[in-house]
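Next come the chains, spelled out residue by residue.
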Amino acid sequence: MSHAPPSRIGSIAGIALALCVLNLLLAHGNAWPTLWPALEWRLALEFAPAVALIAAWGVLYGRVPRRLQVALAVLGTLWVVLHYIDVTVPAVLGRRINVYWDAPHLGAVVRMGGREGLSAQVLLAVLGGMLLLALLYVIVRRCIALLSRGAEQGAGRILMLTFAGATLALWLSQDLIGRPAAHTFAPTVTGMLAEQYRLLSTALSRTAGAERLGPGPAFTGTLAALDGADVLIVFAEAYGAVTLDRPEIARTLDSHRKKLTAAITASGRQVMSARLVSPTFGGASWLAHASLLAGLDMRDPTDYQLLLTTERPTLVRHFAANGYRTVGWLPGIQLPWPEGAFYGFERYADAGRIGYASRPFGFWRIPDQASMALIHVQELGGDFRSTYDANAAPGTDTASDNAGDSGRTGKANSPGPRTAIAGGAVRQPRLIVFPTVTTHAPFRALPPYRNDWSSLLGAEAFTEDEVDAAEAVPTSWSNPLPAYIASMRYQFDWLTDYLARYAPANLVTIVIGDHQPIGSVSGPDQPWDVPVHVIASIPALLERLEAAGFVTGLVPPATPLGPTHALTPILIDVFGRTE
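Cut-offs applied
Residues numbered from 1 in each chain as written. Predicted model: local features only at pLDDT ≥ 70, side-chain atom pairs only at ≥ 80, totals over all residues. Heavy atoms only, no water. Helix = DSSP H or I, 4+ residues; strand = E, 2+ residues; numbered from the N terminus. Buried < 20%, exposed > 50% of the residue type's maximum accessible area, 1.4 Å probe, protein only. Contact = heavy atoms within 4.5 Å. Pairing = 2+ DSSP bridges. Axes fitted to C-alpha atoms, helices over the stretch in contact; angles between N-to-C directions. Core = buried A, V, L, I, M, F, W, Y, C linked by side-chain atoms within 4.5 Å. Salt bridge = Lys/Arg side-chain N within 4 Å of Asp/Glu carboxyl O. Phe/Tyr/Trp six-rings, centres within 6.5 Å; stacked < 30°, edge-to-face > 60°. pLDDT = per-residue confidence, 0-100.

1. Here's the deal with the overall build of the chain
On a plain count of helices and strands, the chain comes out with 21 helices and 12 strands. Across the 579 residues of the chain, 50% fall into the buried class. Summarising the internal contacts of the chain: among those between residues at least 6 apart in sequence, 79% fall at separations of at least 24.

Following this line, the structure appears as structure tokens:
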């Protein structure tokens, strides 16, 4: 019995090992919910042409030059890194990456990790990344060398060409074998790059006109059904349907939902709920805000940027035209944002303009309960000396301070409704849009809840020790679920207490999730559903919501009512009808 020479056996073994290692590197998945890769037994389609190239070079020229090996090793290393990004970002965020729109926010994401030791953490991460990249290059370079030596022998070239040909044949015959491509082949980097190019070319297109936004709702009619009631729209950050659909989250929050329901009922209100499909997942909250306030589909960030350059009508301007004072309460906006003038708020209150006087709490600086306390005093005419009194003296009526007031303030065009207060004075009813921030990823630093709301108005709302203790809690991007649940409890607690003790009797509160939490909380392949609750004491309004698909209580139906922008015409109709 004859045996192949040891050198040939070693060469064949080296080729097989190199093919296996490189394919695994180019076809790995994600070990959810961590940032670590996971081995997956799939084929890397893009690896086959590289193997065929090396083998063909051996056939034509006898050996593969060192320069070509180095070039292939560099390209292979880059391909592995890009593939890692392609499979990891959707697992962590719950959506695919959009480099053009996501890259500018990378610095903010890093700063969310906390101020203490941030420089050291970033430095260690960079050094660790460089070491891993160097190690990856060494592995890829060694594998390329093994394939190159194998290409110098006939048996090696046959094995390599067979691998490349079989991979291509399997890809071409997927329909015949009935095995889905996703089970056989890993996502391709070329596909990701093609998608990024499409997104980039769309974003930079100078030919995209306003017509691409499509028709919006008709912002016509009155707000007669509200009868002058204040309206508070709370965009609840990262409040997704996962809080209902993931049993471990739903069980933990169940008691908090019951307390909120009891508070709503005891205050003489009712709550109606539905589900919507958010235009975004795990981030980019502004897309959800624009979807509701403009009534347009904002799934494409390019459409959002285009929208802000138009004169499209908004829900804010609709309220202003019907006599409401419109307030954008935006503690998450920490830098100048002149584009925000698009919405037409009479008062534009960003982080520097809402009057928060205490210590900054984490990256977002202003806890949500403190923001709500300031809204109550400054815009809803309340105080915290007792439960809400409809005859209480009005609060601070801060003058318009909009970043883009010039010519686009959205002030009322007619006298409109008025809310009566003590001494026969009147004030305009309010529309207040308040996107929360405390439940934003990474769900820290979490402030302590205050039973004494008045304490949140002063410079000593939080002590230095409280801030330091909260910010000392480590950030976890790979296992953020406990922190997410804690932040959601905080959100339920302050909303429950406010509605129970201080909210104006006729306040209409709309709580709407902007998007699901990041993928490391929500889990893989989750829908983009979010809850929406309307809390009010106007029976006719609640009945119309029920007719539109809402149900009584805080648990909405499993089937979404539609996309977020589908709610806008419903609200226009429900608020406008009197019969």
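Moving on from the model shown.
2. Topic: helix α21 (residues 567-576)
Where burial is concerned, most of α21 is hidden: seven out of the 10 residues are buried. For α21, the full list of buried residues reads Leu 567, Thr 568, Ile 570, Leu 571, Ile 572, Val 574 and Phe 575. Those residues of α21 that are buried lie in contact with β4 (270-277), α13 (285-294), α15 (315-321), β10 (508-513), β11 (529-536) and α20 (539-547).

3. Remarks on the sheet that holds β10
Judged by pairing direction, the sheet is mixed, and its eight strands sit side by side in the order β6-β5-β9-β3-β10-β11-β4-β12 without closing on themselves. The open sheet terminates on both sides in strands that have one partner only, identified here as β6 (347-350) and β12 (551-552). Inspection of the sheet shows strand β5 (residues 325-330) paired to strand β9 (residues 430-435) by four bridges, in the parallel sense. Residue pairing across strands places Thr 326 opposite Leu 431, the latter belonging to β9. On top of the sheet, helix α16 (residues 368-378) reaches β3 (231-236), β5, β6 and β9; it is set at about 170° to β9, its chief contact.

4. Some words on the nonpolar core
Ranked by size, the top nonpolar core spans 55 residues in total, and within it Ile 249, Trp 329, Met 372, Trp 453, Tyr 484 and Tyr 498 carry the most contacts. Among the elements of the structure, β3, α12 (247-266), β5, α16, β9, α17 (464-472) and α18 (481-501) are those that each provide at least two residues to this core. For this core, the leading source of residues is α18, giving 10 residues. Leave out the neighbours within four places in its chain, and Met 372 touches Leu 232, Leu 380, Phe 434, Trp 453, Trp 494 and Tyr 498. Counting residues in hydrophobic clusters, the runner-up holds 50 residues, among them Leu 292, Tyr 324, Phe 342 and Val 534.

5. Let's talk about the pairing of β4
The buried fraction of β4 is high, at six of eight residues. The sheet contact formed by β4 and β11 spans eight bridges and is antiparallel. Considered in β11, the bridge of Met 272 is made with Val 534. Relative to β12, β4 is paired through two bridges, and the arrangement is antiparallel.

6. Points about the pattern of salt bridges
This model, assessed by the stated rule, comprises 15 salt bridges. Of the charged contacts in the structure, one is a salt bridge between Glu 40 and Arg 42, with a shortest N-O distance of 2.6 Å. Under the relative-accessibility criterion, Arg 42 is labelled buried at 16%. Sharing partners across several salt bridges, the network here consists of Arg 325, Glu 346, Arg 347, Glu 379 and Arg 430.

7. A look at unusual backbone geometry
With an omega dihedral of 5°, the bond running from Ala 441 to Pro 442 counts as a cis peptide bond. Note that the residue after Arg 444, namely Ala 445, is joined by a cis bond; omega there is -5°. Mapped onto the secondary structure, Ala 445 falls in the loop between β9 and α17. Here Arg 365, not a glycine, exhibits a phi torsion of approximately 70°, which is positive. Residue position: Arg 365 is located in the loop between β6 and α16. The phi angle at Phe 443 is positive, at roughly 65°, despite the residue not being glycine.

8. Examining the packing of aromatic side chains
Taken as a whole and assessed by the stated rule, the structure comprises 16 aromatic pairs. Their ring planes at 90° and their centres at 6.1 Å tell us that Tyr 239 and Phe 492 sit as a pair that is edge-to-face. In this pair, Tyr 239 is assigned in the loop between β3 and α11 (242-245) and Phe 492 in helix α18, connecting sequence segments 253 residues apart. Overall, Tyr 239 belongs to the buried group, its relative accessible area being 3%. Given a relative accessible area of 5%, Phe 492 falls into the buried group. Through pairs of rings, three or more aromatic residues link up here, namely Phe 384, Trp 453, Tyr 498 and Tyr 502.

9. Quick word on α16
Counting buried positions over the 11 residues of α16 gives 10, a clear majority of the element. Close packing links the buried residues of α16 with β3, β5, β6, β9 and α18.

10. A few points about the confidence of the model for the chain
Put simply, the chain has an average pLDDT of 84, and 83% of its residues get 70 or more. Taken as a whole, residues 388-415 scores under 50 in pLDDT and shows 67 contacts with residues more than four places along the chain or in a different chain.

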